[in-house]
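Topology and contacts: notes
Spelled out, the chains give:
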Amino acid sequence: MSGTDNFEAVVKERRTEAVAEFHEDKTLIKRFQHALHVSPALVPLLVLLVSIVLFAGLVGSRFFSAATLTLILQQVQLVGIVAAAQTLVILTAGIDLSVGAIAVLSSVVMGQFAFRYGLPVPLAILCGLGVGTILGYLNGWLVAVMKLPPFIVTLGTWQIILASNFLYSKNETIRAQDIEANAPLLQFFANTFKIGADESGRGGATFTFGVIFMLLLIAVLAYALRSTAWGRHVYAVGDDPDAAQLSGVNVKRTLISVYALSGLICAFAGWALIGRIGSVSPTSGAELNIQSITAVVIGGISLFGGRGSIWGALFGALIVGVFSLGLRLLGVDPQWTFFFIGVLIIVAVAVDQWIRKVAA
Amino acid sequence: MQTQTQHQVQDPTMAGQQPILVGRGLVKRYGKVVALDHCDFDLYPGEILAVIGDNGAGKSTLIKAISGAVIPDEGDIFLEGQRIAFRNPTEARDAGIETVYQTLAMSPALSIADNMFMGRELRKPGFMGQWLRQLDRPRMEKFAREKLSELGLMTIQNINQAVETLSGGQRQGVAVARAAAFGSKVIILDEPTAALGVKESRRVLELILDVKSRGIPIILISHNMPHVFEVADRIHVHRLGKRLCVIRPQNHTMSDAVAYMTGARVPDTEFESA
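The shown structure was predicted, so the numbers you read here are calculated from the model rather than taken from an experiment.

**Let's talk about the overall build of chain A**
Looking only at helices and strands, one finds 15 helices and three strands in chain A. Its C-alpha atoms put chain A at 90 × 50 × 35 Å along the principal axes. Sequence separation of 24 or more characterises 74% of the internal contacts of chain A that already satisfy a separation of 6 or more.

Written out as structure tokens, the structure is:
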């Protein structure tokens, strides 16, 4: 025992070095890595800007115009809204496969409640939003209280909700003309306003209310995630749930709130879906699941939870939009879009792993 | 250390002093396994009480029962004479009992300041805080910086640095500073030097003595006998789910202590005078 003591006596005398010295890494690569660690949305933003410049060079002014660029915004609005919901869930180290199904069922509830039961349209919309929130809450309860893996839970509820959607709607579509005549509020998000259009109303930047809603939603969520205790708890739960619990975070409540909010946002996406396609169709929105996860991953948000910025999800959705429209304007086979998106996904995850090495 | 304890009252129960934290007849079962078997526990003001015991003796369960992470099946816990029954760690924290877990319970991707205030964030005054629930970052960062430098911990360049970019000793330092900043009654340290190198352990031990000198009693769980014998005023030996004895480090050798906790020897009395 005394041997140990003597051994330690050497360090006992000297107290020159502090336990915690903070020194910055000086090399350029390390700094870049550190910058990414602090602002993880930087990579997708760069990729977005580069791809816009790239397609502007390849396609020319037909691409790089206010009209085309705002068209991309319109095309990604649904994915953007759903990706915002997906971001919240993925930040908690979960995944929500039921987002598309919740959006569609909510839109069907809004339409059917208004047309089948003759409810006032605002009330029907509230019911749709309520259904989305309840379904999200159910996901959250199964994950947080029953402790089931999020992938399995939402794989199950995805099927259940989609089947309920077809059973309840009897696979009927509510036509766009009927909605326009009787319940225009359902198409609220399709309203547009233009900036810089010519007299005949062509050209210029066109914004739908859906696009504005997407941008506002992401701005509000970015604020909530960054500057409120709830947001910090979402990150902490995704990072290490046990540590979060021990430091006094109510993990269950945080998880349930995230899934319920995700459900509510998906219901809004369902409302925006009616605006986008005009009609209420139980077969729409099937690809929103994969598209939203793609946007989130390309946006640099870690599938392992606790890392990433919600702006990344928007940039991720926009990157996909830029590639789809740019390649279409170039006239190449649309399969190339999927090809490049596949490459981007793998690159994004590789970058995520690299950023994590800052820890080492 | 030793001169200090010699002046204390020579009485097994430290008469004249009321214990600040008392456990009586604590029982916790996990299925058929009895982790705590009618265990008693006493912590006196201003002391460092080490808790030692073999693996599986129930040290962790005892500590978790005190810190609210585990709810005992039977028994009572008293803090300053008041009976307490924590349902979760937050309630224990609110009562002034702070715990530094072996895992440190920090979120690696979040900043030092975020971690220090996790679960007890400060909000801005007025509209921004009340209605928009905005965090008061400048105030939290200032507080975190003050507390860290108070413990002589660091010349911090960046309090917003992610915890995962810190070394093991630095993380331990932040965790201890968090406990010291908020723990008004009792601080519990679970294996604070287990994952550290020699120099870093040394620094953490000094930190523990620093915290003690502010008058806050500390419960120290450790396997490292030299560390325990160096800083502890009394040593609670835990064996088979209950308190076997409480010894004073100056009266025993480390091998005595190891013999007691492994059952190789039976102590003469449960309590002893200094």
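Having seen the model, we can carry on.
**Concerning unusual backbone geometry**
Even without being a glycine, A:Asn171 presents a positive backbone phi close to 60 degrees. Turning to its location among the elements, A:Asn171 is positioned in the loop between helix 7 (150-169) and helix 8 (176-182). Under the C-beta neighbour-count criterion, A:Asn171 is labelled exposed, with 11 such atoms within 10 Å. The phi dihedral of B:Leu104 is positive, around 75 degrees, even though this residue is not glycine. Within the element layout of this structure, B:Leu104 appears in the loop between strand 6 (97-100) and helix 4 (112-116).

**Let's talk about the nonpolar core**
Of all hydrophobic cores here, the largest spans 181 residues; its most connected members are A:Val82, A:Ala103, A:Ala269, A:Ile319, B:Ile219 and B:Leu220. No other element matches helix 12 (residues 251-277) of chain A, which puts 16 residues into this core. With sequence-adjacent residues up to four places away left out, A:Val82 is seen in contact with A:Val99, A:Ala103, A:Cys266, A:Ala269, A:Leu288 and A:Ser292.

**So, the sheet that holds strand 10 (residues 234-239) of chain B**
Residue and element names in this part refer to chain B. Read across the open sheet, the six strands follow the order 6-8-9-3-10-11; overall the sheet is mixed. The open sheet terminates on both sides in strands that have one partner only, identified here as strand 6 and strand 11 (242-247). Direction aside, the axes of adjacent strands within the sheet are offset by 20 degrees on average. Here strand 3 (residues 48-53) pairs with strand 10 via five bridges, running parallel. Bridging from a neighbouring strand, Leu49 pairs with Arg234 of strand 10. Of the strands in this sheet, strand 3, strand 6, strand 8 (186-190), strand 9 (218-221) and strand 10 touch helix 2 (residues 59-67), which is tilted by about 150 degrees from strand 8.

**As for the confidence of the model for chain A**
All names here are of chain A. For chain A, the mean per-residue pLDDT works out to 88, and 91% of the residues sit at or above 70. Mean pLDDT values for the elements of chain A range from 48 in strand 1 (residues 20-21) up to 97 in helix 6 (residues 121-144). The low-confidence segment residues 1-5, where pLDDT is below 50, has four contacts with residues more than four positions distant or belonging to other chains. This stretch, residues 13-22, has a pLDDT under 50; its non-local contacts, to residues over four places away or in other chains, come to 21 contacts.

**Description of helix 10 (residues 229-239) of chain A**
By the criterion of burial, helix 10 of chain A is predominantly enclosed, with ten of the eleven residues buried. Restricting attention to buried positions, one finds in helix 10 of chain A the residues A:Ala229, A:Gly231, A:Arg232, A:His233, A:Val234, A:Tyr235, A:Ala236, A:Val237, A:Gly238 and A:Asp239. Looking at the buried positions of helix 10 of chain A, the neighbouring elements they touch are helix 4 (66-91), helix 9 (209-227), helix 11 (241-246) and helix 12 of chain A together with helix 4 of chain B.

**Quick word on the environment of B:Ile159**
Residues and elements named next belong to chain B. By the secondary structure assignment, Ile159 is in the loop between strand 7 (154-155) and helix 7 (168-182). Owing to 21 C-beta atoms within 10 Å, Ile159 belongs among the buried residues under this scheme. Linking Ile159 and Lys142, residues 17 residues apart in sequence, is a C-alpha distance of 8.9 Å. Sequence-distant contacts of Ile159, that is, excluding residues within four places in its chain, are made with Ser111, Ile112, Ala113, Glu141, Ala144 and Arg145.

**A word on the packing of helix 13 (residues 288-298) of chain A against helix 14 (residues 310-330) of chain A**
Residue and element names in this part refer to chain A. Packing of helix 13 against helix 14 brings their axes to within 7 Å, and their N-to-C directions diverge by 115 degrees. As the angle between them shows, helix 13 and helix 14 are arranged roughly perpendicular. Crossing angle aside, the handedness with which helix 13 passes helix 14 is right-handed. Every residue of helix 14 that contacts helix 13 at Thr294, Ala295, Val296 and Ile298 is listed here: Ala313, Gly316, Ala317, Ile319 and Val320. Here the residues of the contact of helix 13 with helix 14 are counted per class, giving seven nonpolar, two polar and no charged.

Rules behind the numbers
Residues numbered from 1 in each chain as written. Chains lettered and ligands numbered in written order. Predicted model: local features only at pLDDT ≥ 70, side-chain atom pairs only at ≥ 80, totals over all residues. Helix = DSSP H or I, 4+ residues; strand = E, 2+ residues; numbered from the N terminus. Contact = placed C-beta atoms within 7 Å. Buried ≥ 20, exposed ≤ 12 C-beta atoms within 10 Å, placed from the backbone. Core = buried A, V, L, I, M, F, W, Y, C linked by C-beta atoms within 7 Å. Pairing = 2+ DSSP bridges. Axes fitted to C-alpha atoms, helices over the stretch in contact; angles between N-to-C directions. pLDDT = per-residue confidence, 0-100. Parallel < 35°, antiparallel > 145°, perpendicular 65-115°, else oblique. Left-handed = near helix turned anticlockwise from the far one by under 90°. Nonpolar A, V, L, I, M, F, W, Y, C, P; charged D, E, K, R; others polar.

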